[in-house]
Amino acid sequence: MKALHFGAGNIGKGFIGYLLNKTGYDVCFADINQQMVDRLNKNESYIVELLDDSHTVEVISPVTALNVITQEARVIDAIVEADLITTSVGVNNLSRIANIVSKGLLKRVKENKKRLDIMANENAIHATSTLKQEIERHVTSGEMKEISFFIGFPNSAIDRLALSRSGGEGEIALVEPMYEWIINKSEMINLDLPLIKNASYVDDLEPYIERKLYIVNMGHAATAYIGFLTGHTTIQSALANPGIERFVRNTLNEASQYIIRKFSIENEDMSSFIEKTMKRFKNENISDDIFRVGRSPIRKIGYEERLTKPTRESFDAGLSIEYLTMAVAAAFLFDNPHDEESVILQKYISEKGIDQAILHFTQIKNKELRNKMKEKYDVFKNSSSETLAQLIK
Ligand SMILES: NC(=O)C1=CN([C@@H]2O[C@H](COP(=O)(O)OP(=O)(O)OC[C@H]3O[C@@H](n4cnc5c(N)ncnc54)[C@H](O)[C@@H]3O)[C@@H](O)[C@H]2O)C=CC1
Ligand SMILES: O=P(O)(O)OC[C@H]1O[C@](O)(CO)[C@@H](O)[C@@H]1O
């Protein structure tokens, strides 16, 4: 079986490629990073190291890699021949792969009538549907109809802390032991393939993807932004501070009220989910950079995203948003000169002011809610990191 995976990054190698390999697929990675492509092709393998006390190491082989820009024709052929296509390029990059994927699918539906599923595995609600919409922009409605007859677009939710390092031994993916890949079976078109090893198949993805994004990713982002403001460089050092740990727990407790109500989840189940999540964040076998976890702040304060959605839903329901609004405010202060979105965000705030920035980036209509965020922003902005550490206690 052949799998084509777009994005040979941390999740591509450490999670998706790993499980596809375990299921029996020959995995071909498609990426824009030529050095990565060369390293993977040189060894026809990479290493996955578990971030637990034993640091177990596994070699993932065989793998190959293609450059989506310089080897377009070969990527298109790989689309024609694939039994499964997956991505983890970052949700904002789905529009960038849509052109080549469309070309491949148009060729495929002429030459290979086998049904095929494409799955975008990104931290976002309905990422695969987003990819499908992007593909629609590159083909006629008639072509899309033909594509939709043969190609399925199942959405999924993925969860695994994945980092990496490159060493003399080649590509090394560093991953926590725990992982969760949940796939919407009702959107699949090809049910003849073996199930992906240890993936879960459900008919309703919503509770899983919302819990992932609005609890796990929200809490992680909140840790990064508050950690940054209080002068920490890693998630682990931030959470070693009892005040920050309490702060993060409080954001998780607030956001969980929205999830509990929406999906009728038991309080006890949510509490144990939060405990598990905190334990993962605090994993001492990981040194997780604040800038990695806080990356792309504009994406993370978007209307449907991890910080904004639980805050506005909780506000509308009359629930507490004291800590969530602090987390949003901290995101607006995330200043990393190496992060394109952070640079754009800070420039926007300095030119147009925080009021306009909150409206522009969160798209929240309610002025009262925006003002609550602004109040927190003003307090944070005018506090030293020491005062801040006191404030969030
Ligand atoms: N790292 C993590 O712990 C987790 C990440 N995710 C999600 O997985 C996705 C990937 O994240 P990471 O692997 O951490 O990022 P990453 O930056 O390590 O990997 C992304 C890869 O995509 C490639 N890429 C970018 N644009 C491309 C394009 N146009 N065509 C082909 N390849 C392209 C990059 O060169 C890179 O190798 C994101 O959506 C992220 O939100 C989800 C759960 C955990
Ligand atoms: O691109 P994003 O959304 O920051 O994705 C990476 C984040 O998702 C997480 O996987 C949580 O599953 C974290 O490891 C990481 O902070």
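Worth saying up front: this structure is predicted, and the values here are computed from it rather than measured. (Residues numbered from 1 in each chain as written. Chains lettered and ligands numbered in written order. Predicted model: local features only at pLDDT ≥ 70, side-chain atom pairs only at ≥ 80, totals over all residues.)

**Points about the site of ligand 1**
Logical step 1: Near ligand 1 you find 26 residues, and of these Gly-7, Gly-9, Ile-11, Glu-122 and Asn-123 are the closest.
Logical step 2: When residues of the shell around ligand 1 are traced back to their parent elements, those giving at least two are α1 (10-23), β2 (26-31) and α4 (94-111).
Logical step 3: Residue contributions to the shell around ligand 1 peak at three residues, all from α1.
Logical step 4: Considered class by class, the residues forming the shell around ligand 1 number 13 nonpolar, nine polar and four charged. (Near = placed C-beta within 6 Å. Helix = DSSP H or I, 4+ residues; strand = E, 2+ residues; numbered from the N terminus. Nonpolar A, V, L, I, M, F, W, Y, C, P; charged D, E, K, R; others polar.)

**Things to note about the nonpolar core**
Looking at soluble globular proteins, one finds that nonpolar side chains tend to be buried together.
Logical step 1: Ranked by size, the top nonpolar core spans 114 residues in total, and within it Ala-65, Tyr-225, Ile-226, Ala-327, Ala-329, Ala-330 and Ala-331 carry the most contacts.
Logical step 2: Counting residues per element, this core draws most heavily on helix α7 (residues 206-229), at 13 residues.
Logical step 3: If you count residues domain by domain, this core takes at least three from each of domain 1 (2-202) and domain 2 (206-391).
Logical step 4: Setting aside its immediate chain neighbours within four residues, Ile-226 contacts Ala-238, Ile-244, Phe-247, Ala-327, Ala-330 and Ile-392. (Core = buried A, V, L, I, M, F, W, Y, C linked by C-beta atoms within 7 Å. Buried ≥ 20, exposed ≤ 12 C-beta atoms within 10 Å, placed from the backbone. Domains from an automatic or database assignment. Contact = placed C-beta atoms within 7 Å.)

**Quick look at the UniProt feature "domain: Mannitol dehydrogenase C-terminal" (unreviewed entry) in the chain**
Logical step 1: UniProt records the feature "domain: Mannitol dehydrogenase C-terminal" (unreviewed entry) at residues 204-377, using the numbering of this structure.
Logical step 2: A distance of 37 Å separates the end C-alpha atoms of residues 204-377, which is 73% helix and 0% strand. (UniProt positions renumbered as here; feature names shortened; annotations may be inferred.)

**Regarding the sheet that holds strand β12 (residues 180-184)**
Logical step 1: Across the sheet, three strands lie side by side as β9-β12-β13; this open sheet has mixed pairing. In the strand order of this sheet, the two ends are held by β9 (156-159) and β13 (200-202), each with one partner. Each strand of the sheet is rotated relative to its neighbour by a mean of 15°, with strand direction disregarded.
Logical step 2: Running over the sheet, α7 touches β9, β12 and β13 and is turned about 40° from β9. (Pairing = 2+ DSSP bridges. Axes fitted to C-alpha atoms, helices over the stretch in contact; angles between N-to-C directions.)

**Some words on the site of ligand 2**
Logical step 1: For ligand 2, the full set of nearby residues is Asn-123, Asp-159, Leu-161, Val-216, Asn-217, His-220, Val-293 and Arg-295.
Logical step 2: Broken down by element, the residue count for the shell around ligand 2 peaks at three residues, all from α7.
Logical step 3: In the shell around ligand 2, the residues fall into three nonpolar, three polar and two charged.
Logical step 4: Shared between two domains, the shell around ligand 2 takes at least three residues from each, and those domains are domain 1 (2-202) and domain 2 (206-391).

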